[in-house]
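Given next are the chains, with one letter for each unit.
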Amino acid sequence: MARARSEERRAEILRAALEVIAERGYRGASLASVAERVGLTQQGLLHYYPTKEALLVAVLEERDQWDTGGALSPESWRLDLMDSLVEYNAMRPGVVQTFSALLGESVTDGHPARDFFTHRYEAVRGGMAGALRAEFGDRLPSGLTPEQAAPLLVAVLDGLQYQWLLDPGSVDMPGAFRNFLKLLRQPQQHP
């Protein structure tokens, strides 16, 4: 019973942290503000997450759990599921904003999420290459290998998120992603 309550409390803290980070950014979010949102003292929050960095990484890992069931292995990715994920993300701008803000901040030296994103992107590129290989074999219709196309696929996903966050009325993120999938499936044109 106590373990279940502890897990419930951790989930509550993660949701609050995600909200605070979405509102203020990682640097502007404080442990005190997260603690206040869940009715704890800062010391009480430290019982669950001993540092701000530990809380940040837990938030990022939780987001991946929500999105993929935690499965970032090459066998778990399929292009049709990525299309569904883009649709799902379009319904939750706060989560996408938090992820994007943390991603942007993580490129600076010494940022606590840098290792998380570096390892995550390595896994995601591998997953994307696996999905592309499952659909197209060793060569896409364009002639690219799955490993060559995977970083492009990741770039499109992240780039669309930034464009959509900045101007959601002008950028149809799910539609644009479906258009990109059409490009991937299109044979190479020879002059």
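What counts as what
- Residues numbered from 1 in each chain as written.
- Predicted model: local features only at pLDDT ≥ 70, side-chain atom pairs only at ≥ 80, totals over all residues.
- Heavy atoms only, no water.
- Helix = DSSP H or I, 4+ residues; strand = E, 2+ residues; numbered from the N terminus.
- Buried < 20%, exposed > 50% of the residue type's maximum accessible area, 1.4 Å probe, protein only.
- Areas by Shrake-Rupley, 256 points an atom, 1.4 Å probe, with all protein chains shown as cover.
- Core = buried A, V, L, I, M, F, W, Y, C linked by side-chain atoms within 4.5 Å.
- Phe/Tyr/Trp six-rings, centres within 6.5 Å; stacked < 30°, edge-to-face > 60°.
- Axes fitted to C-alpha atoms, helices over the stretch in contact; angles between N-to-C directions.
- Parallel < 35°, antiparallel > 145°, perpendicular 65-115°, else oblique.
- Contact = heavy atoms within 4.5 Å.
- Nonpolar A, V, L, I, M, F, W, Y, C, P; charged D, E, K, R; others polar.
- Salt bridge = Lys/Arg side-chain N within 4 Å of Asp/Glu carboxyl O.

Engineer: What is the right way to look at the overall build of the chain in this model?
Structural biologist: A tally of regular secondary structure across the chain gives nine helices and zero strands. Starting at the N terminus, the α and β elements of the chain follow one another as α-α-α-α-α-α-α-α-α. Along the first, second and third principal axes, the C-alpha atoms of the chain reach 65 × 35 × 35 Å. Counting only residues that meet the buried cut, the chain has 41% of its 191 residues in that class. Entry remark: accessible area of the chain is about 10,300 Å², with carbon and sulfur atoms responsible for 54%.

Engineer: How do you make sense of the nonpolar core when you look at a structure like this?
Structural biologist: The nonpolar side chains of a soluble globular protein tend to be buried with one another. Grouped together as the largest cluster of nonpolar side chains are 53 residues, with contacts concentrated most on Leu55, Phe117, Met128, Leu132 and Leu153. With nine residues, the single largest contributor to this core is helix H7 (residues 114–136).

Engineer: Just checking my understanding: could you explain the packing of aromatic side chains for this structure?
Structural biologist: What characterises a pair of aromatic rings is the spacing of the ring centres plus the angle enclosed by the ring planes. Enumeration over the complete set of coordinates arrives at two aromatic pairs. For the pair Phe99 and Phe117, a centre-to-centre distance of 5.3 Å together with 70° between the ring planes defines the contact as edge-to-face. Here Phe99, found in helix H6 (residues 93–106), pairs with Phe117, found in helix H7; they are 18 residues apart in sequence, far enough to count as distant. Its relative accessible area of 3% is what places Phe117 among the buried residues. Considering the side-chain rings of Phe116 and Phe117, the 5.3 Å spacing of their centres and the 80° angle between planes classify their relative orientation as edge-to-face. According to the relative accessible area criterion, Phe116 is buried, its value standing at 15%.

Engineer: Would you explain the packing of H6 against H7 in this entry?
Structural biologist: A pair of packed helices is captured by two measures, namely the crossing angle of their axes and the spacing between those axes. As a packed pair, H6 and H7 sit with axes 9 Å apart at the nearest point and diverge in direction by 105°. Comparing their axes, H7 and H6 come out roughly perpendicular. When H6 is examined against H7, the residues Phe99, Leu102, Leu103 and Ser106 are found in contact with a partner set consisting of Arg114, Phe117, Arg120 and Tyr121. Of the residues in the contact of H6 with H7, the class split is five nonpolar, one polar and two charged.

Engineer: I would appreciate a short explanation of the pattern of salt bridges in the present structure.
Structural biologist: Between side chains of opposite charge, a pair can form as their charged atoms come close. Applying the stated criterion across every chain yields a total of 10 salt bridges. One salt bridge in this structure joins Asp80 and Arg78, with 2.7 Å as the shortest N-O distance. The salt bridge partner of Asp138 is Arg133, with a shortest N-O separation of 3.1 Å. What you see here is one network of salt bridges that share partners, running through Asp83, Glu87 and Arg178.

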